[in-house]
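Here is how the chains run, residue by residue.
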Amino acid sequence: MKQLLLTLMAMALFATTNSQELATPLEKNKFAKPTTYNQLSDFVHELDSSSGIMRSEIIGQSVEGRNLYALKFSTGEFGADNSKTRVLILAQQHGNEQSGKEGALLLASRLIRPENSYLFEKIDLTIIPQVNPDGSEVNKRRNAHDMDLNRNHLILTEPETKALHRFFEQYLFEVTMDVHEYSPFGDDWKKYGYRKNAAVTLGVNTNVNIADDIRKFSNEEAAPFILKYISDKGYSSFVYCPGGPPGVDYIRHSTFDINDGRQSFGILNTVSFIQEGMNGEDTYIENLQKRCDSQAAGMMALLEFIYVNGEKIRQLVTDGRKTLLNAKPGKNVSVQAGHFSDGRKLSLPLVSCSTKTDTMVEVADYRPVVKSTYDVERPLGYLIAKNNTELMDWLRVQTINFKDYQPSKHPKIERYFIRDTDSIDFERDMIINPIVETSPAEPVTPSDYVFIPIGQLKSNLIAQALEPKSMLGLITYKQFAHLIKTGTYYPVLRVIK
Ligand SMILES: [Zn+2]
């Protein structure tokens, strides 16, 4: 009798827990319209008060003053237990990509269920469901300053990206996933007659300066696991491969730029991903249930993968970051690169735009491999004049380590003379390629300069940002373009001894 009573009580408790399961705002409105900012704020508070495992935090505000929420899942003090893998999932940097946010909220509502709590034995997870609330409210890609946040992670001029990086640096997450949407409905594909059709695509780190073993592990182990998991849930999945259509232009494995939400973290030797769900064809609310659920499946796949592989991931990241902290002068860093074939052919699943039947296309011009085309030797450090306020401001906003310059006994300093400027193709954009000559610099007045040592977490970022021939450098942004003037010396100096 007592046993029966206990069972009944347990069942009642289970029923209460179940009835407390939270429906997301999108589920409540039957997938008819995306979650507004106010609904999202309310839902975050609901999650917070109904879960012992999740705590919300406001990490900053958007241009128009909306809160940026971080949902932190941990069984203890977040980030304090080094035997757990620290994971950051961020969504909706692009305000018109609603399914990332919806998928992130759906995932959060599932993660507070008791049956998923096992994940947090091994993972401390933060979800930032909406990086761009201002854009989301008006369903626009950019933020209220009309800036593309996902091209802003190097110059960090926007409050949203600044808040995101301050938050990242607080915990130095070992894994990140940046969630987006892609649109396969462009005119060039319509003209071609077929288009891509994967519900979810996944991209890994491609910048060649990121540790080889991190890129290899992501490509060969993480991506196949996640893509299969998504397919097993009934959603088509494929490698993130922009470019094309076949026969018109080559197909590549995304970009290698470090100004986005994937490789700005990747360049710190973080295991970093981009996931893209499919946008709606005619309206942005089309198929929202499927789009939201497939995005959530990809995020869940990432957590399941980490649950099993956490130890290996932490080792890769620890080793990779140690290499950056101990980076020595002389070792090369790539500042120009391109996409190349490795002989593989790509079978690309497409769908006919007219008949909607699936087809497989063999892509002849497939370039999955990024290779360096121009390296520079890492210096001991860089020198920047203290009166160069915009570069000094950039050092601060990027939280780069620097100190007053104290030269060694016989310092050797190099500078670049800008002989001329040329241009170079960067993923079908023509960008500036200065013609430079290196020469020994005159001795400088040490008190006028700061010294940026090359051995630090941002070692690779610093070199790629400051080298004048870098395809990804500061000078490729209009704010810094004036640093390159033909017939003058480039203002950043290299200390080589
Ligand atoms: Zn996007």
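These numbers come from a predicted model, not from an experiment.

Enquirer: With reference to specific residues and values, describe the overall build of the protein chain.
Expert: For the protein chain, the count of helices and strands is twelve helices and 21 strands. Here the protein chain has a C-alpha radius of gyration of 24 Å; the compact-globule value for 497 residues is 23 Å, and the two agree. C-alpha extents for the protein chain along the principal axes are approximately 90 × 55 × 40 Å. Relative to its full complement of 497 residues, the protein chain shows a buried share of 45%. Excluding contacts between residues fewer than 6 apart, the proportion of contacts in the protein chain whose partners are at least 24 apart in sequence is 76%.

Enquirer: Quick rundown of the domain arrangement of the protein chain? Include the residues and the values.
Expert: Examined at the domain level, the protein chain breaks down into domain 1 (2–325) and domain 2 (379–495). Each of domain 1 and domain 2 has a C-alpha centre, and the two are 34 Å apart. Tallying the contact residues gives 14 residues for domain 1 and 16 residues for domain 2. If you list the elements that add at least two residues to the side of domain 1 that touches domain 2, you get helix H6 (159–171) and helix H10 (288–325). It is H10 that provides the largest number of residues to the side of domain 1 that touches domain 2, a total of three residues. Its residues placed into classes, the side of domain 1 that touches domain 2 shows eight nonpolar, two polar and four charged.

Enquirer: Explain the sheet that holds strand E20 (residues 449–453) residue by residue, including any values.
Expert: Ordered in space as E17-E20-E16-E21-E18-E19, the six strands form an open sheet in which the pairing is antiparallel. For this open sheet the edge positions go to strand E17 (403–404) and strand E19 (429–440), each flanked by a neighbour on one side alone. One ladder, built from twelve bridges, connects strand E18 (residues 413–426) with E19; its direction is antiparallel. Its bridge partner lying in E19, Thr421 is registered against Pro434.

Enquirer: Can you break down helix H12 (residues 459–466) residue by residue, with the values?
Expert: Counted residue by residue, H12 has eight buried out of eight residues, so it is predominantly covered. For H12, the full list of buried residues reads Ser459, Asn460, Leu461, Ile462, Ala463, Gln464, Ala465 and Leu466. On the buried face of H12, the contacting elements are H10, strand E11 (332–340), strand E15 (369–377), strand E16 (381–385) and E20.

Enquirer: For the packing of helix H4 (residues 98–111) against H10, give the residues involved together with the corresponding values.
Expert: Direction vectors running N to C along H4 and H10 enclose 60 degrees, while the axes themselves pass 8 Å from each other. One way to sum up the angle between H4 and H10 is to call them oblique. Of the two elements, H4 crosses H10, and the hand of that crossing is right-handed. Contacts between H4 and H10 pair Ser99, Gly100, Glu102, Gly103, Ala104, Leu106 and Leu107 from the former with Leu288, Arg291, Cys292, Asp293, Gln295, Ala296, Met299 and Met300 from the latter.

Enquirer: Summarise H10; cite the residues concerned and give the values.
Expert: With 38 residues, H10 should reach 56 Å at 1.5 Å per residue; the first-to-last C-alpha distance of 44 Å falls well below that figure. Most pronounced at Asn309, the bend in H10 amounts to some 80 degrees.

Enquirer: Tell me about the sheet that holds strand E4 (residues 123–128), and name the residues and values.
Expert: If you trace the eight strands from one edge of the open sheet to the other, you get E1-E2-E4-E3-E5-E10-E7-E8, paired in mixed fashion. Edge positions in the open sheet fall to strand E1 (54–61) and strand E8 (237–239), since each of these has one partner strand only. Sheet twist, expressed as the average angle between the axes of neighbouring strands with direction ignored, equals 20 degrees. Pairing between E1 and strand E2 (residues 67–73): seven bridges, direction antiparallel.

Enquirer: Please set out unusual backbone geometry residue by residue, giving values where relevant.
Expert: With an omega of 0 degrees, the peptide bond running from Gly244 to Pro245 counts as cis. With respect to the element layout, Pro245 can be found in the loop between E8 and strand E9 (251–252). The phi dihedral of Lys356 falls on the positive side, at around 65 degrees, and the residue is not glycine. Along the chain, Lys356 falls in the loop between strand E12 (346–352) and strand E13 (358–363).

Enquirer: Hey, could you go over the nonpolar core for me, with residue numbers and the actual values?
Expert: The nonpolar side chains of a soluble globular protein tend to be buried, and buried together. Within the largest apolar cluster, 117 residues are counted, with the highest numbers of intra-cluster contacts made by Ile89 and Met299. Looking at this core, the element that brings in the most residues is H10, giving 15 residues. Both domains that furnish three or more residues to this core are identified here as domain 1 (2–325) and domain 2 (379–495). In this structure, Ile89 is in contact with Ala104, Ile127, Met177, Val179 and Met299, ignoring residues within four places of it in sequence.

Enquirer: Residues and numbers for the packing of helix H8 (residues 212–232) against H10, please.
Expert: One way to put it is that H8 packs onto H10 with a least axis distance of 9 Å and a crossing angle of 155 degrees. In this view, H8 runs roughly antiparallel relative to H10, as classed from their interaxial angle. Both H8 and H10 take part in a crossing whose hand is right-handed. For the pair H8 and H10, the contacting residues are Asp213, Ile214, Phe217, Ala222, Phe225, Ile226, Tyr229 and Ile230 in the first and Ser294, Ala297, Gly298, Ala301, Leu302, Glu304, Phe305, Leu316 and Gly320 in the second. Of the residues that constitute the contact of H8 with H10, the class distribution is twelve nonpolar, three polar and two charged.

Enquirer: Any details on the environment of Asp134? Residues and values, ideally.
Expert: Here Asp134 is to be found in helix H5 (residues 133–137). Put simply, Asp134 and Ser62 are 72 residues apart on the chain and 6.8 Å apart in space, counted from C-alpha to C-alpha. Excluding anything up to four places from it in sequence, Asp134 contacts Ser62, Val63, Glu64, Arg66, Gly95, Asn143 and Ala144.

Cut-offs used in this document
Residues numbered from 1 in each chain as written. Predicted model: local features only at pLDDT ≥ 70, side-chain atom pairs only at ≥ 80, totals over all residues. Helix = DSSP H or I, 4+ residues; strand = E, 2+ residues; numbered from the N terminus. Rg over C-alpha atoms; globule rule 2.2 N^0.38 Å. Buried ≥ 20, exposed ≤ 12 C-beta atoms within 10 Å, placed from the backbone. Contact = placed C-beta atoms within 7 Å. Domains from an automatic or database assignment. Nonpolar A, V, L, I, M, F, W, Y, C, P; charged D, E, K, R; others polar. Pairing = 2+ DSSP bridges. Axes fitted to C-alpha atoms, helices over the stretch in contact; angles between N-to-C directions. Parallel < 35°, antiparallel > 145°, perpendicular 65-115°, else oblique. Left-handed = near helix turned anticlockwise from the far one by under 90°. Expected span 1.5 Å × (residues − 1). Bend = angle between axes of the 7 residues up to and from the residue. Core = buried A, V, L, I, M, F, W, Y, C linked by C-beta atoms within 7 Å.

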